[in-house]
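# Remarks on the overall topology
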Amino acid sequence: GQQVMQIPQYQHVQEGEDFTTYCNSSTTLSNIQWYKQRPGGHPVFLIQLVKSGEVKKQKRLTFQFGEAKKNSSLHITATQTTDVGTYFCAGPPNAGNMLTFGGGTRLMVKP
Amino acid sequence: SAVISQKPSRDICQRGTSLTIQCQVDSQVTMMFWYRQQPGQSLTLIATANQGSEATYESGFVIDKFPISRPNLTFSTLTVSNMSPEDSSIYLCSVGGVGNQPQHFGDGTRLSIL
């Protein structure tokens, strides 16, 4: 079955440093979605990428979808303590299938 | 996006007992899902709650352990039966998520079994 892997599992950064998490799928995805889960909270949808090679930005967050539609990345510029949480990628192998979630990357920011 | 209310928000239960978790959505939705998130882990889909028919369970999850009801397009319940400490997790309901739709989650039920 489809597998979605994320690296790293954990990342400690000093406030102001950049952060990147990588997502790799064993199969081609019809789209990739990113979610953020704050400590003690539930996953919250951040963004969806659909096109091969697509890049989207949300303030300090930059999301990329690979040309082969099998990988993606989330980059945060100049992290802040409010960025703390676990970031999950998720995607279906094709439209109509259930989402498969990656293992998540837990980001910790030292003030 | 839909507003999803889940209750209870947390509970501590004795082993061998059962707990029913409720999920209410403020609008009619076709697809409702139940997930489990074990401590420090990712989300694992338990089942899809189908309105008017039996739920569709993922590999490793069975109806006897996790019976699900979906009486209408705005409500679903998940029961965790005959609980053991291994069932200590966060249980989340969600809507959306098929094809290009993002998923929206309830606040979750934090369950501890003693």
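Anything mentioned here points back to the structure above.
Residues numbered from 1 in each chain as written. Chains lettered and ligands numbered in written order. Predicted model: local features only at pLDDT ≥ 70, side-chain atom pairs only at ≥ 80, totals over all residues. Heavy atoms only, no water.

## What to know about the environment of G41(A)
Rules: Secondary structure elements are defined from DSSP: runs of H or I of at least 4 residues count as helices, runs of E of at least 2 residues count as strands, and each element is numbered from the N terminus.
Here G41(A) shows up in the loop between strand 4 (32–37) and strand 5 (44–49). Along the sequence, G41(A) and G85(A) sit 44 residues apart, while their C-alpha atoms lie 9.1 Å from each other.

## A few points about the state of the cysteines
Here is the rule: Only a pair of cysteine sulfur atoms within 2.5 Å counts as a disulfide in this structure description. Note on classification: 1.4 Å probe, protein chains only; a residue is buried when its accessible area is under 20% of the maximum for its type, exposed when over 50%, partly exposed between these limits.
All told, the structure shown has 2 disulfides over all chains when counted by the stated rule. Covalently, C23(A) is tied to C89(A) through a disulfide, its sulfur atoms 2.0 Å apart. On the S-S bond that ties C23(A) to C89(A), the torsion sits near 80°, and the link is right-handed. Separated by 66 residues along the polypeptide, C23(A) in strand 3 (residues 19–25) and C89(A) in strand 9 (residues 85–91) bring together distant segments of the chain. The buried category is assigned to C89(A), whose relative accessible area is 0%. Note on cysteine connectivity: C23(B) is disulfide-linked to C93(B), with sulfurs 2.0 Å apart. The sign of the S-S torsion, about 70°, decides the handedness of the disulfide formed by C23(B) and C93(B): right-handed. On the criterion of sequence distance, the pair formed by C23(B) in strand 3 (residues 19–25) and C93(B) in strand 9 (residues 89–96) is long-range, its members being 70 residues apart. We note that C13(B) lacks a disulfide partner, and the nearest cysteine sulfur, in C93(B), lies 17 Å from it. A residue is classified by how much of its surface remains accessible, and C13(B), at 8% relative accessible area, is buried.

## Concerning the interface of chain B and chain A
Stated precisely, the cut-off is as follows: Note on contacts: a residue pair qualifies if any of its non-hydrogen atoms lie within 4.5 Å across the two residues. Accessible area that two parts lose when put together, with a 1.4 Å probe and added across both, is what the buried area reports. Each salt bridge in this description consists of a side-chain nitrogen of Lys or Arg and a carboxyl oxygen of Asp or Glu lying within 4 Å of one another. Throughout this description, a polar contact denotes any pair of N or O atoms lying within 3.5 Å of each other; where both atoms belong to protein, one of them has to be capable of donating a hydrogen while the other can accept it, and for residues adjacent in sequence the pair is counted only when both atoms sit in side chains. All amino acids are sorted into three groups, where Ala, Val, Leu, Ile, Met, Phe, Trp, Tyr, Cys and Pro are nonpolar, Asp, Glu, Lys and Arg are charged, and the leftover types, Gly among them, are polar.
Listed as interface residues are 21 residues of chain B and, on the opposing side, 21 residues of chain A. When the two sides are added together, the surface that chain B and chain A hide from each other amounts to roughly 1500 Å², 56% of it contributed by carbon and sulfur. Our count for the contact surface shared by chain B and chain A stands at 0 salt bridges. Where chain B meets chain A, there are 7 residue pairs in polar contact (both at pLDDT 80 or more). When contributions to the side of chain B that touches chain A are tallied by element, the ones reaching two or more residues are strand 4 (32–37), strand 5 (44–49) and strand 10 (103–105) of chain B. No other element matches strand 4 of chain B, which puts 3 residues into the side of chain B that touches chain A. Partitioning the side of chain B that touches chain A into residue classes produces 9 nonpolar, 10 polar and 2 charged.

## Topic: the sheet that holds strand 8 (residues 75–80) of chain B
Residues and elements named next belong to chain B. Rules: By the convention used here, strands pair only if DSSP detects at least 2 bridges between them. Working convention: axes come from line fits to C-alpha atoms, limited for helices to the stretch in contact. Angles between N-to-C directions cover 0 to 180 degrees.
Strand order across the open sheet formed by 4 strands is 1-3-8-7, with antiparallel pairing between neighbours. Either end of the sheet is taken by a strand with one partner, and the two such strands are strand 1 (4–7) and strand 7 (68–72). The mean angle between the axes of side-by-side strands here comes to 15°, regardless of whether they run parallel or antiparallel. Pairing between strand 7 and strand 8: 3 bridges, direction antiparallel. Looking across to strand 8, one finds that I68 is bridged to L78.

## Digging into the packing of aromatic side chains
Test applied: Aromatic rings from Phe, Tyr and Trp, taking only the six-membered ring of Trp, are treated as a pair when their centres fall within 6.5 Å; an angle between ring planes under 30 degrees marks them as stacked, one over 60 as edge-to-face, and anything in between as tilted.
For the structure on display, the rule yields 11 aromatic pairs over all chains. An angle of 65° between the planes, with centres 5.7 Å apart, marks the rings of Y35(A) and F45(A) as edge-to-face. Here Y35(A), found in strand 4, pairs with F45(A), found in strand 5; they are 10 residues apart in sequence, far enough to count as distant. By relative accessible area, F45(A) is classed as partly exposed at 24%. An angle of 45° between the planes, with centres 6.5 Å apart, marks the rings of F66(B) and Y91(B) as tilted. Of this pair, F66(B) sits in the loop between strand 6 (56–57) and strand 7 while Y91(B) sits in strand 9; the two residues are 25 residues apart in sequence, bridging distant segments of the chain. The same class applies to F66(B) and to Y91(B), which are both buried. Here the aromatic residues Y35(A), F45(A), F88(A), F101(A), Y35(B) and F105(B) are joined through ring pairs into a cluster of three or more.

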